[in-house]
Amino acid sequence: MDGITGAELIRAAALLGAGMSMGFGAIGPGIGEGFAAGKACEAIGRNPDEAGLLTRTMLVGQAVSESTGIYALVVALLLIFVVKG
Amino acid sequence: MEDLTQVATYSFELFGRHMTVNTATILNTWLVMAVLIVLSLVATRRTKKRIPNPAQRIAEVYVSSMDKLTRETLETTSRSYMPLVATMFLFLVLCNWLGIIPGLAEPTKDLNTPLSLGIMGFFITHTAAIREKGIATYLKEYCQPFFIMAPLNVIGELAKVVSISFRLFGNILGGAIIIAVVSHMIYSLVLPPFLYVFFSLFVGTIQAFVFTMLTITYIAVATK
């Protein structure tokens, strides 16, 4: 045991950063998509005939609001696979 | 796990420069293109007959719904953007579905494919805006609300390309990684078919639709 070298420290920090990036980055899309789904449920309850259109609009809106979470995923993947200590 | 971000490459020297070709991505893209060409040949074969074959009926429904969608979003009667949009959606859907065949990888898993489609959309959007409004009005819009905001507007336009391509890339790569992790954990004894259905068929279709819709929306915003 010679203690932790610089390369190991960089690797550890990159892996920790990847986990933190994914954890914090998942909060926003989680709240946003749940909010969109709740509003869509309310709208379908009021207007059941338009359920198909509402579901389609909800899915597209959720896919767009998911993008911040996807950026967090890309950052996490860069930290895991690209940063070599 | 390390092979997730690696693709098969072929390197050569050309005019003193080092060129690298992602062979797996190129071959899978060619496969998708071949499937599209065969499908359209089948759909347009013997169209003079009184009773059309099933492929032609499906193609007619697809083309007319895409035409309606494009014209409603762009608020025009011109059909000039419909072929681009319909082809882009079909290409992306087939690319995202290719992962369910074992041994083949989605071309959209490589950042080069979404990024080149995003850059293509960027150039089409700005060419359409200049052609529609003239170069003076087009340049004047960058100085809204004041002249000092012009760099921010330029960065905003460039960020659209990054956002639209990284969204598609991240979704497809994330799905592929989750499938690989789950398969690794259960030693690939049972392939997780429901994961393939969710990530390839469901998410792939939605992301292809979102990419296409955003491209139309960017054109609509730029030409209005």
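Residues numbered from 1 in each chain as written. Chains lettered and ligands numbered in written order. Predicted model: local features only at pLDDT ≥ 70, side-chain atom pairs only at ≥ 80, totals over all residues. Heavy atoms only, no water.

### Side note on the overall build of chain A
Quick note on the threshold: Each helix is a run of DSSP H or I of at least 4 residues and each strand a run of E of at least 2, with the numbering of both proceeding from the N terminus. Note on method: radius of gyration uses C-alpha positions; expected globular size equals 2.2 Å times residues raised to 0.38. In this scheme, a residue with accessible area under 20% of its type's maximum is buried, one over 50% is exposed, and one in between is partly exposed, where area comes from a 1.4 Å probe on protein chains only. Whether two residues are in contact is decided by their heavy atoms: any pair within 4.5 Å suffices. Under the convention used here, a 1.4 Å probe and the Shrake-Rupley method define accessible areas, while residue burial counts only the protein chains that appear. For the charge count, each Lys or Arg is scored as positive and each Asp or Glu as negative, with His and the chain ends excluded. By convention, the point assigned to a charge is CZ for Arg, NZ for Lys, CD for Glu and CG for Asp.
The secondary structure content of chain A amounts to 4 helices and 0 strands. Its helices and strands taken in sequence order, chain A reads α-α-α-α from the N to the C terminus. Taking 2.2 N^0.38 as the reference for a compact globule, 85 residues should give roughly 12 Å; the C-alpha atoms of chain A span a radius of gyration of 20 Å, well beyond that estimate. Based on the C-alpha atoms only, the size of chain A along its principal axes is roughly 70 × 15 × 15 Å. Counting over 85 residues, chain A shows a buried share of 22%. A fraction of 80% describes how many contacts in chain A between residues 6 or more apart in sequence connect residues 24 or more apart. Accessible area for chain A stands at about 5,400 Å²; split by element, carbon and sulfur atoms hold 72% of it. With 5 positive and 7 negative side-chain charges, chain A shows a spacing of 3 Å between the two charge centroids.

### A look at helix H7 (residues 193-223) of chain B
Heads up, the condition is: Expected span of a helix, by definition, is 1.5 Å for each gap between consecutive residues, and there is one gap fewer than residues. Note on bend: the value at a residue is the angle between axes fitted to the seven residues ending there and to the seven starting there.
The end-to-end C-alpha distance of H7 of chain B, which contains 31 residues, comes to 44 Å, matching closely the 45 Å that a straight helix rising 1.5 Å per residue would cover. The largest bend in H7 of chain B amounts to roughly 30 degrees and is located at Gly204 of chain B.

### Focus on the nonpolar core
Stated formally: To define a nonpolar core, start from buried Ala, Val, Leu, Ile, Met, Phe, Trp, Tyr and Cys residues and group those joined through side-chain atoms within 4.5 Å.
Ranked by internal contacts, the top residues of the largest apolar core, which has 33 residues, are Leu92 and Phe211 of chain B. At the level of secondary structure, the elements contributing two or more residues to this core comprise helix H1 (23-44), helix H2 (54-74), helix H3 (82-97), helix H4 (112-133), helix H6 (150-185) and H7 of chain B. Of all hydrophobic cores here, the second largest spans 7 residues; its members include Leu73, Val74 and Phe81 of chain A together with Leu173 of chain B.

### Structural notes on the packing of H4 of chain B against H7 of chain B
Residues and elements named next belong to chain B. To be explicit about the condition: For helices, the fitted line uses only the C-alpha atoms of the stretch in contact; every axis is such a line through C-alpha atoms, and the angle between N-to-C directions lies from 0 to 180 degrees. Orientation is classified from the angle alone, with under 35 degrees giving roughly parallel, over 145 giving roughly antiparallel, 65 to 115 giving roughly perpendicular, and any other angle giving oblique. Put simply, a crossing is left-handed when the front helix is turned counterclockwise from the back one by less than a right angle, and right-handed when it is turned clockwise. Residues are sorted three ways: Asp, Glu, Lys and Arg are charged, Ala, Val, Leu, Ile, Met, Phe, Trp, Tyr, Cys and Pro are nonpolar, and all the rest, Gly among them, are polar.
It is the contact of H4 with H7, at a shortest axis distance of 8 Å, that shows an interaxial angle of 25 degrees. Between H4 and H7, the crossing angle belongs to the class labelled roughly parallel. In this structure, the crossing between H4 and H7 has a hand that is right-handed. In this structure, H4 contributes Pro114, Leu117, Gly118, Gly121, Ile124, Thr125, Ala128, Ala129, Glu132 and Lys133 to the contact, and H7 contributes Phe211, Thr215, Tyr218, Ile219, Ala222 and Thr223. Among the residues making up the contact of H4 with H7, the classes are represented as 9 nonpolar, 5 polar and 2 charged.

### Comments concerning the interface of chain B and chain A
Under the convention used in this document: Defined here as a combined quantity, buried area equals the accessible surface (1.4 Å probe) lost by two parts on assembly, summed across both. The term salt bridge refers to a pairing of a side-chain nitrogen on Lys or Arg with a carboxyl oxygen on Asp or Glu at a separation within 4 Å. Think of a polar contact as two N or O atoms within 3.5 Å of one another; within protein, one of them needs to be a possible hydrogen donor and the other a possible acceptor, and neighboring residues in sequence only count if both atoms come from side chains.
Listed by partner, the interface residues are 17 residues for chain B and 13 residues for chain A. At the boundary of chain B with chain A, total buried surface from both sides reaches about 1,300 Å², with 76% on carbon and sulfur atoms. Counting across the interface, chain B meets chain A through 0 salt bridges. At the boundary of chain B with chain A, the tally comes to 1 residue pair in polar contact (both at pLDDT 80 or more).

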